[in-house]
Amino acid sequence: MRKPFFAGNWKMNTDAASGPALAAALAASHGQRTEVDLLVCPPFPYLASVRQALAGSKIALGGQNCWHEAKGAFTGEVSPAMLRDCGCGWVILGHSERRHILGETDELLKKKALAALSAGLRPVFCVGETLAQRQADQTEAVAHAQLQGGLGSLSAEQFGQVVLAYEPVWAIGTGVNASPEQAESVHQFLRKRVEGAWGAAAAQRVRILYGGSVNPGNAAALLAQPNLDGFLIGGASLKASDFGAVIDSGAKAAAART
Ligand code: PGA
């Protein structure tokens with residue numbers, strides 16, 4: 001059985017007071033859970049204070065992005081080693097906001113994934129189609145191209161460090177989540193593609209998260225799907241009680257399906 005994984009993507013939210021306070025509230029209520037993996041990804045300036053707030057808990061810390069060079073003249077960028085140095089074990093790569101607002105390409109993401117892995121950071125690697133692509137029946141083609149383009153050069157051992165996230169762009173921050181059946185169909189497709197590229201064992205092992213308007217009300221139905229192993233959560237991760245409720249109902253649903 002794959003261990004459920006719940007990640008909070010705080011995006012460009014919180015501040016010097018509310019970031020660590022949110023982390024501390026989560027650590028107090030869910031910090032000792034061992035049947036799920038938990039991750040929070042605050043903005044870069046608050047990594048150190050959030051790390052402190054999480055101390056003694058089992059909740060992991062991650063960055064929302066990184067650059068692919070180790071150091072040097074890259075104004076405004078943060079290296080994988082710097083994230084490691086700040087206590088991060090994880091980094092989100094390929095989020096649709098970075099693909100579509102910041103213009104990140106598969107080619108760039110491939111370099112970032114390799115750099116993150118060689119620095120010992122585990123990627124949460126996102127793929128997902130826009131509404132226009134879904135309507136044009138390109139959902140699977142887009143997911144496959146992003147998976148291959150970003151991660152295709154990884155060895156099976158490297159791929160073993162990755163968590164995938166299916167995040168349909170039309171569902172992110174919109175209040176309209178993918179239905180459990182829509183999500184399951186893409187997750188199943190992705191697992192097949194992973195099997196084709198890295199083998200059956202890798203496909204069985206990889207956790208594929210869903211992201212896009214997850215909340216305490218829809219978590220259980222989504223997590224009842226056999227190929228859905230957790231969530232990457234934006235808005236609902238900004239309130240400890242909502243994030244906690246998603247974790248609770250998701251973990252219960254995941255346990256019930258086995
Ligand atoms: P949302 O964001 O939960 O606010 O829709 C998800 C994400 O972008 O990771």
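Draft legend 1. Here's a closer look at the packing of aromatic side chains. One pass over the structure, following the stated rule, counts five aromatic pairs. Here Phe5 and Trp90 contribute two aromatic rings whose centre-to-centre distance is 4.9 Å and whose plane-to-plane angle is 70°, an arrangement assigned as edge-to-face. Placement of Phe5 in strand β1 (residues 5-9) and of Trp90 in strand β4 (residues 90-93) is noted, with a sequence separation of 85 residues between them. With a relative accessible area of 9%, Trp90 lands in the buried category. Centroid distance Tyr166 to Tyr210: 6.4 Å. Interplanar angle 55°. Geometry classified as tilted. Of this pair, Tyr166 sits in strand β6 (residues 163-166) while Tyr210 sits in strand β7 (residues 208-210), and the two are 44 residues apart along the sequence. Exposure class is identical for Tyr166 and Tyr210. Each is buried.

Draft legend 2. Up close: unusual backbone geometry. A positive phi is found at Thr14, a non-glycine position, where the angle reads about 80°. Assignment of secondary structure puts Thr14 in the loop between β1 and α1 (18-30).

Draft legend 3. Spatial organisation of the site of the ligand. Residues in contact with the ligand amount to 13 residues; listed here are only the nearest, Lys11, His95, Glu167, Gly173 and Ser213. One of the side-chain N or O atoms of Lys11 is found 2.7 Å from an oxygen atom in the ligand. Within the backbone of Gly173, an N or O atom sits 2.6 Å from an oxygen atom of the ligand. The fraction of the free accessible surface of the ligand (290 Å²) that becomes covered by protein chains is 95%.

Draft legend 4. Structural view of α1. Compared with the 18 Å implied by 1.5 Å per residue over 13 residues, the 18 Å span of α1 between its first and last C-alpha is a close match. Of all the positions in α1, only Gly19, Pro20, Leu22, Ala23, Leu26, Ala27 and His30 are classed as buried. Buried residues of α1, viewed axially, fall in a sector of 155°; they line one side.

Draft legend 5. Expanded view of the pairing of strand β2 (residues 37-41). Among the five residues in β2, four count as buried, and that is most of the element. The pairing of β1 with β2 spans five bridges and is parallel. Bridge pairing in β2 links Asn9 to Cys41. In this structure, β2 lies alongside strand β3 (residues 60-63), joined through two bridges in parallel fashion. Looking across to β3, one finds that Leu39 is bridged to Ala60. In terms of handedness, the path from β2 via helix α2 (residues 47-54) over to β3 forms a crossover that is right-handed.

Draft legend 6. Structural detail: the nonpolar core. Ranked by internal contacts, the top residues of the largest apolar core, which has 65 residues, are Val40, Leu151, Phe159, Leu164, Val194, Tyr210 and Phe231. At seven residues, helix α12 (residues 240-256) tops the list of elements feeding residues into this core. Formed by 12 residues, the second largest nonpolar core is a distinct cluster that contains Phe5, Trp90, Val163 and Ala165.

Draft legend 7. Highlighting the pattern of salt bridges. Taken as a whole and judged by the stated rule, the model has 11 salt bridges. Across the salt bridge formed by Arg33 and Glu35, the nearest N and O atoms sit 2.6 Å from each other. Among the residues examined, Glu35 registers a relative accessible area of 41% and is labelled partly exposed. Arg207 serves as the salt-bridge partner of Asp37, at 2.6 Å between the closest nitrogen and oxygen. Highlighted residues: Asp37 in strand β2 and Arg207 in the loop between α10 (200-205) and β7, separated in sequence by 170 residues. Taken together, the shared-partner salt bridges in this structure form one network comprising Arg2, Arg191 and Asp229.

Reading the values: rules and limits
Residues numbered from 1 in each chain as written. Predicted model: local features only at pLDDT ≥ 70, side-chain atom pairs only at ≥ 80, totals over all residues. Heavy atoms only, no water. Phe/Tyr/Trp six-rings, centres within 6.5 Å; stacked < 30°, edge-to-face > 60°. Helix = DSSP H or I, 4+ residues; strand = E, 2+ residues; numbered from the N terminus. Buried < 20%, exposed > 50% of the residue type's maximum accessible area, 1.4 Å probe, protein only. Near = heavy atom within 4 Å. Polar contact = N/O pair within 3.5 Å; in protein donor to acceptor, adjacent residues only side chain to side chain. Areas by Shrake-Rupley, 256 points an atom, 1.4 Å probe, with all protein chains shown as cover. Expected span 1.5 Å × (residues − 1). Arc of directions from axis to C-beta. Pairing = 2+ DSSP bridges. Right-handed = clockwise from strand over helix to strand, strands pointing away. Core = buried A, V, L, I, M, F, W, Y, C linked by side-chain atoms within 4.5 Å. Salt bridge = Lys/Arg side-chain N within 4 Å of Asp/Glu carboxyl O.

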